[in-house]
Amino acid sequence: MNGPQDAPLDWHSIDWAEAEGNVRRLRQRIFKATQEGDLKKVRNLQKLMLRSRSNTLISVKRVTQQSQGRKTAGIDRERALTPTARARLAVEIDRQTQPWRAKPVKRVYIPKSNGKQRPLGIPVIRDRVIQARVKNALEPEWEARFESRSYGFRPGRGCHDAIQAIFSTAKGKAAKRQWVLDADLAAAFDRIDHDHLLNAIGEFPGRELVHQWLKAGVIDGGRFTRTDEGTPQGGVISPLLLNVALHGMEEAAGVRFATRKGKVMWAARGTPILVRYADDFAMFCTSRQEAETVKARLAEWLEPRGLRFNEEKTRILHLSEGFDFLGFTIRRHGDALIITPSKDAVARVRKRLRDEMQALLGLNVTDVLRRLSPIVRGWSAYYRTVVSSKTFSALDSYVWKLTYKWAKRSHPKKSRYWIVQKYFGRLNRSRNNNWVFGDRASGAHLPKFSWTSIRRHQLVKGKSSPDDPALCDYWSRRRKTRTPPPMDKTSLVLAVRQKGSCPLCGQDLIAGAEYEPDSPREWIEWFDAMRKRLHKHHFTYRRNGGSDESKNLRLVHSECHRQHHAGDGRRDRKQTL
């Protein structure tokens, strides 16, 4: 599927399994060639990826259907929210013959947890798609180079890997590295040095495109501003460029590894250990003096990259004091390392629940369940890998108070007994709990935080990457054994029965996000998006007498479901999967 096609494109007729397979195999070839040190072959394969029609189709799908920012337009106000618009966009980009000229990004601001605002740069839809194409060509080359304890914005890795790596480093009596350099870089995305970044990617075939995106400029309130440094936080390729800029931090900090039979096994004795998630990182050292030395080394190493420490958020401490990282509090109690949800994270979710309930006054119970369920499920999913049972129970008590107050204010003239009878009961039959909030008429109910079981995350092995063709079995097993996001009982049964794959396209059910979310708030949004992206498809249509029993259902992607039904008029009504 390479090169331009003359036939009109029907978005619903695309074989997505084939397209995904073409892109995946080409990424694996780039990865392998990089491992072998064959740079000429790497560049030729990257050129092939940049011309690949499959890559164009997959990039359009991810930007316009699977990205959380798919409804956000750039300065041209264009979006692609219909199959016709997506097909037209894919054809335009695939048949582009003139050199591409990047357009400025639109400046928008989103609130941060500390009350400040984070500036984002939103490229136009065509630039986002082309960035996704370029990323598929550049990323596998660097996946073969990146350090083992780099976890942010990388395929197959996420915040839970970073937390588990910290636990593995500092747990138990024998842990020697109990001094921590808890570091944060000041406005890392906005300060990256362009020349250093372009030198790092070398003669990559898409180098000129990367250069254009770096220099495209920003439109803020109708005014244009040049960009002489940084990469827009909001661009598809920006997280990858940040990781490229920070590659080599382990070596600069003095991290050394012991080897066995030519393979890297563990950090050498007496050297620090680095755990990095994008621009947030923690360096574990054997003494305060070593931590201060590492900080001085890194400050010197960061300077030519245009980066520096955020001194307000960077400190050196002993693990017994505890520190917050990615929304978790990490503290050593005696010989044990305890990781819990941070106090700030708990305060934020309590505030969000309180604000939501305030906004829901005057609405019905269905609206309450629809608004609160994603918060409960998403937040508990983010923190289920650490010591969270007491926190979950405390939040359940808080939610009970909020829901009871909502019901009381909704029915001020009704008695306590009437309110309890209407909104509370043993609505979840699998739980021995008579105080579940919900709708007694329909049985719909609000899940509890404590219903999410605690399960330790399985740390990704070493430098393993999904782009490594030698590790296909490893990643297949990892996808099957990882804990799925909390979902309703029927969906969970279907997902397990289908072994986590969509029967219509053959791809993973929980897939499509560029990277794992990196905060509780983003986890809630991601979980809600995943929930909406999964549909229950009837094996035998209800209009043909099919039932809603699980044996007649399949769990499928929403886009696959729409594509499947779009062809109902062109094929026999009898469905086979």
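In the block above lies the structure referred to throughout.
In this report, we go over the structure that sits alongside the text. Since the model is a prediction, treat every value here as computed from it, not as a measurement.

## Topic: the overall build of the protein
When helices and strands are tallied, the protein shows 20 helices and 17 strands. For 577 residues, the compact-globule estimate of 2.2 N^0.38 gives 25 Å, and the protein sits close to it at 25 Å. By principal-axis analysis of the C-alpha atoms, the protein measures approximately 70 × 70 × 55 Å. The buried share of the protein, taken over its 577 residues, is 52%. Approximately 28,300 Å² of the protein is accessible, and the part contributed by carbon and sulfur atoms is 48%.

## Details of a positive patch on the surface
Together, R350, R354, K401 and K405 line one region of the surface with positive charge. Elements represented by at least two residues in the positive patch include exactly α13 (343-359) and α15 (389-410).

## Remarks on the nonpolar core
Judged by nonpolar contacts, the single largest core of 135 residues is most densely connected at V210, L298 and W379. Apart from the residues lying within four places of it in its own chain, the contact partners of V210 are V134, L198, I201, F204, I237 and L241. Counting residues in each nonpolar core, the second largest holds 10 residues, with A495, L534, L555 and V556 among its members.

## Thoughts on the sheet that holds strand β8 (residues 273-277)
Two orientations exist for strands paired in a sheet by backbone hydrogen bonds: parallel and antiparallel. If you trace the 4 strands from one edge of the open sheet to the other, you get β8-β9-β3-β10, paired in antiparallel fashion. Each end of this open sheet is capped by a strand with a single partner; those strands are β8 and β10 (315-318). Going across the sheet, the axis of each strand differs from the next one's by a mean of 20 degrees, ignoring polarity. Summarising the sheet, strand β3 (residues 179-184) and β10 pair through 4 bridges and their orientation is antiparallel. In the strand pairing of β10, D182 is matched with R315. Here helix α6 (residues 159-170) sits on the sheet in contact with β8 and β9 (280-285), set at roughly 165 degrees to β8. Here helix α12 (residues 288-302) sits on the sheet in contact with β3, β9 and β10, set at roughly 140 degrees to β9.

## Comments concerning the pairing of strand β12 (residues 328-333)
Sheet analysis places strand β11 (residues 323-325) next to β12, joined by 3 bridges and oriented antiparallel. By the bridge assignment for β12, D324 is matched with T329. The antiparallel pairing of β11 with β12 creates a hairpin that spans 2 residues between the two strands, and L326 there sits at a positive phi of about 60 degrees. The pairing of β12 with strand β13 (residues 336-341) spans 6 bridges and is classified as antiparallel. Each residue of the ladder has a partner; that of R331, found in β13, is I338. The antiparallel hairpin formed by β12 and β13 contains 2 residues in its connecting segment, where G334 sits at a positive phi of about 65 degrees.

## As for the environment of T84
Within the element layout of this structure, T84 appears in helix α4 (residues 83-94). Taking the C-alpha atoms as reference points, T84 and I122, separated by 38 residues in sequence, lie 23 Å from one another.

## Description of the sheet that holds β13
One open sheet holds the 3 strands; their spatial order is β11-β12-β13, and the pairing between them is antiparallel. For this open sheet the edge positions go to β11 and β13, each flanked by a neighbour on one side alone. For this sheet, the mean inter-axis angle between neighbouring strands, taken without regard to orientation, is 30 degrees.

## So, empty space enclosed by the protein
Under the defined criterion, the tally for this structure stands at 3 cavities of 30 Å³ or more. Looking at the largest cavity, it is lined by 13 residues, and the ones nearest its centre are V399, F437, L446, P447 and K448. Looking at the lining of the largest cavity, the elements that each hand over two or more residues are α15 and β15 (436-437). The greatest single-element share of the lining of the largest cavity, amounting to 4 residues, is contributed by α15.

## Observations regarding the packing of aromatic side chains
Counted by the stated rule, this structure contains 21 aromatic pairs. On the basis of an interplanar angle of 45 degrees and a centroid distance of 4.3 Å, the ring pair of W379 and Y383 is categorised as tilted. Here the residue W379 and the residue Y383 both occupy positions in helix α14 (residues 365-383), the gap between them amounting to 4 residues, near one helical turn. For W379, a relative accessible area of 2% gives the class buried. When its relative accessible area of 0% is taken as the criterion, Y383 is described as buried. An aromatic cluster is present here, built from W400, Y404, W406, Y423, F424, W435 and F437 joined pairwise through their rings. Stacked on the ring of W301, the Lys or Arg R305 has its end atom at 3.8 Å from the ring centre. The residue whose ring lies beneath R456 is F167, and the NZ or CZ to ring-centre distance is 4.1 Å.

Conventions we followed
Residues numbered from 1 in each chain as written. Predicted model: local features only at pLDDT ≥ 70, side-chain atom pairs only at ≥ 80, totals over all residues. Heavy atoms only, no water. Helix = DSSP H or I, 4+ residues; strand = E, 2+ residues; numbered from the N terminus. Rg over C-alpha atoms; globule rule 2.2 N^0.38 Å. Buried < 20%, exposed > 50% of the residue type's maximum accessible area, 1.4 Å probe, protein only. Areas by Shrake-Rupley, 256 points an atom, 1.4 Å probe, with all protein chains shown as cover. Patch = residues over 30% accessible without salt bridge, like charges linked within 9 Å, V, L, I, M, F, W, Y side chains within 5 Å. Salt bridge = Lys/Arg side-chain N within 4 Å of Asp/Glu carboxyl O. Lys, Arg positive; Asp, Glu negative; His and termini not counted. Charge placed at Lys NZ, Arg CZ, Asp CG, Glu CD. Core = buried A, V, L, I, M, F, W, Y, C linked by side-chain atoms within 4.5 Å. Contact = heavy atoms within 4.5 Å. Pairing = 2+ DSSP bridges. Axes fitted to C-alpha atoms, helices over the stretch in contact; angles between N-to-C directions. 1 Å grid on protein atoms, 1.4 Å probe; cavity = no way out; pocket = protein on both sides within 12 Å on 5 of 7 lines; lining within 4 Å. Points joined across faces, edges and corners; volume = space filled by probe spheres on them. Phe/Tyr/Trp six-rings, centres within 6.5 Å; stacked < 30°, edge-to-face > 60°. Lys NZ or Arg CZ within 6 Å of the ring centre and 35° of its normal.

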